[in-house]
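# Structure assessment
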Amino acid sequence: MLLIPPTFLDLSYSDNHPYEVELAHVGQGNWRAFRTIGISLSDTMDIARSWSAPFYGIDRPWLCWHVDDDWSMVQQRLVASVGWTPVVGFDPRVGPPQKTTPEAVVIDFNRDLGLPLLYPHFPLEFVFLFCKKIAFWHSDLLVRSNKLQKVAVTFDDLENGQTFAIKPRVGRREFFSTKKKRYWELLGCTTERASRDQFMKGCGWWMDYWAHPNQKQGHYIRNKYYWDHGAGIYYWRKREGGICKIKNELSFQEGHFTKIGNKNYSRFREHNAMSDARRTMSSEIKENFDLVYACKSLSLDHYLTTSD
């Protein structure tokens, strides 16, 4: 089990959040919080290496992050339909799925981390330690079958050393600025060599990559570049010679059932939560969207009732 210091060990990285908030940020995948608390990177990497065992013999793993059994089953069936293997991870607040497809492999990424919550970004930072290639997507994304088949072919063709990510829409004010630029994990795929290169250069998937132990331009990046998930991937492609194939967010907007741009969205957090890191996606997705309607709108009705 990972030894988690009970108090801050390095306040030079602190943003003056309470300990409980920073620990939640670690589970989100945040280098600044990780270093403020003082968690051992070597121990974390040892745990990440242990994740390789369940991947043995899987040529096309696709990470599906479980937040709701019904939504997860549709995603798993979609992944299996294009010839990939659903690898189902889960937040410890939700627990493992109660049902899976026959092909699916369930992995408790948090078993030896022992964090209070875990986002899929956490394992994505360490892909080079446990598999050769992995696809991934948001728990709230569904894609039409014909479009997903094309995506799967693109992922198949991705060479070792390359990453695929989504380019978000930005407003006119941000178009010429780096302060809001990132490539994000709405839908993507990465490879061992790309993941390793990102890690060695300190610009991977986690938030606040300026604080990455391998980042040499931290002060400059903190002032000039964005901080959110995937901003490091943008920097990797733009400044570090990384090969990142990108697709515009608009291509998948119809199937993204999200709070973004949704004025009527009902938000849910844990009781007395002091950070959006503790939002409860399992409650939000069920309360805000009807899965049957979502599938019908994308001609995915048959994935609701497929027998497994």
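The structure we're discussing is the one just above.
Note that the structure is a prediction, hence the values are computed from the model and not measured.

## Some thoughts on the overall build of the protein
- Across its full length, the protein carries 13 helices and seven strands.
- The C-alpha radius of gyration computed for the protein amounts to 19 Å, which stays within 12% of the reference 19 Å derived for 308 residues, consistent with globular compactness.
- Summarising its shape, the C-alpha atoms of the protein cover approximately 55 × 45 × 40 Å along the three principal directions.
- The 308 residues of the protein split such that 56% are buried.
- Counted over contacts in the protein with a minimum sequence separation of 6, partners at least 24 positions apart contribute 70%.
- As displayed, the protein has an accessible area near 14,200 Å², and 48% of this comes from carbon and sulfur atoms.

## A few points about the nonpolar core
- Membership of the largest hydrophobic core comes to 53 residues, with the highest contact counts inside it found for Phe 122 and Phe 126.
- Listing elements by their share of this core, those giving two or more residues are helix 1 (19-28), helix 2 (31-37), helix 3 (41-50), strand 1 (61-66), helix 5 (121-124), strand 4 (133-137), helix 8 (192-200) and helix 10 (231-239).
- A per-element tally of this core places helix 10 first, with five residues.
- When neighbours within four sequence positions are excluded, Phe 126 is seen to be in contact with Trp 31, Leu 41, Thr 44, Met 45, Ala 48, Ser 195, Phe 199 and Trp 206.
- In this structure, Val 74, Leu 78, Trp 184 and Phe 257 belong to the second largest nonpolar core, which totals 37 residues.

## Overview of the state of the cysteines
- Taken as a whole and assessed by the stated rule, the structure comprises zero disulfides.
- In this structure Cys 131 is a free cysteine whose sulfur lies 8.9 Å from that of Cys 189, the closest cysteine sulfur available.
- Between Cys 244, a free cysteine, and Cys 189, which holds the nearest cysteine sulfur, the sulfur-to-sulfur gap is 11 Å.
- Relative accessible area serves as the criterion here: at 4%, Cys 244 is assigned to the buried category.

## Brief notes about unusual backbone geometry
- Even without glycine at this site, Asp 208 takes up a positive phi of about 50°.
- With respect to the element layout, Asp 208 can be found in the loop between helix 8 and helix 9 (218-224).
- Even without being glycine, Ser 299 reaches a positive phi, approximately 60°.
- Topologically, Ser 299 is positioned in the loop between helix 12 (291-297) and helix 13 (302-305).

## Re the side chain of Glu 22
- As for its position among the elements, Glu 22 is in helix 1.
- Take Glu 22: its relative accessible area is 0%, and that puts it in the buried class.
- Setting aside anything within four residues of it in sequence, one finds Glu 22 in contact with Phe 8, Asp 15, His 17, Arg 32, Ala 33, Thr 36 and Ile 37.

Rules behind the numbers
- Residues numbered from 1 in each chain as written.
- Predicted model: local features only at pLDDT ≥ 70, side-chain atom pairs only at ≥ 80, totals over all residues.
- Heavy atoms only, no water.
- Helix = DSSP H or I, 4+ residues; strand = E, 2+ residues; numbered from the N terminus.
- Rg over C-alpha atoms; globule rule 2.2 N^0.38 Å.
- Buried < 20%, exposed > 50% of the residue type's maximum accessible area, 1.4 Å probe, protein only.
- Contact = heavy atoms within 4.5 Å.
- Areas by Shrake-Rupley, 256 points an atom, 1.4 Å probe, with all protein chains shown as cover.
- Core = buried A, V, L, I, M, F, W, Y, C linked by side-chain atoms within 4.5 Å.
- Disulfide = S-S within 2.5 Å.

Geometric descriptors of this kind do not, in isolation, establish any biological role.
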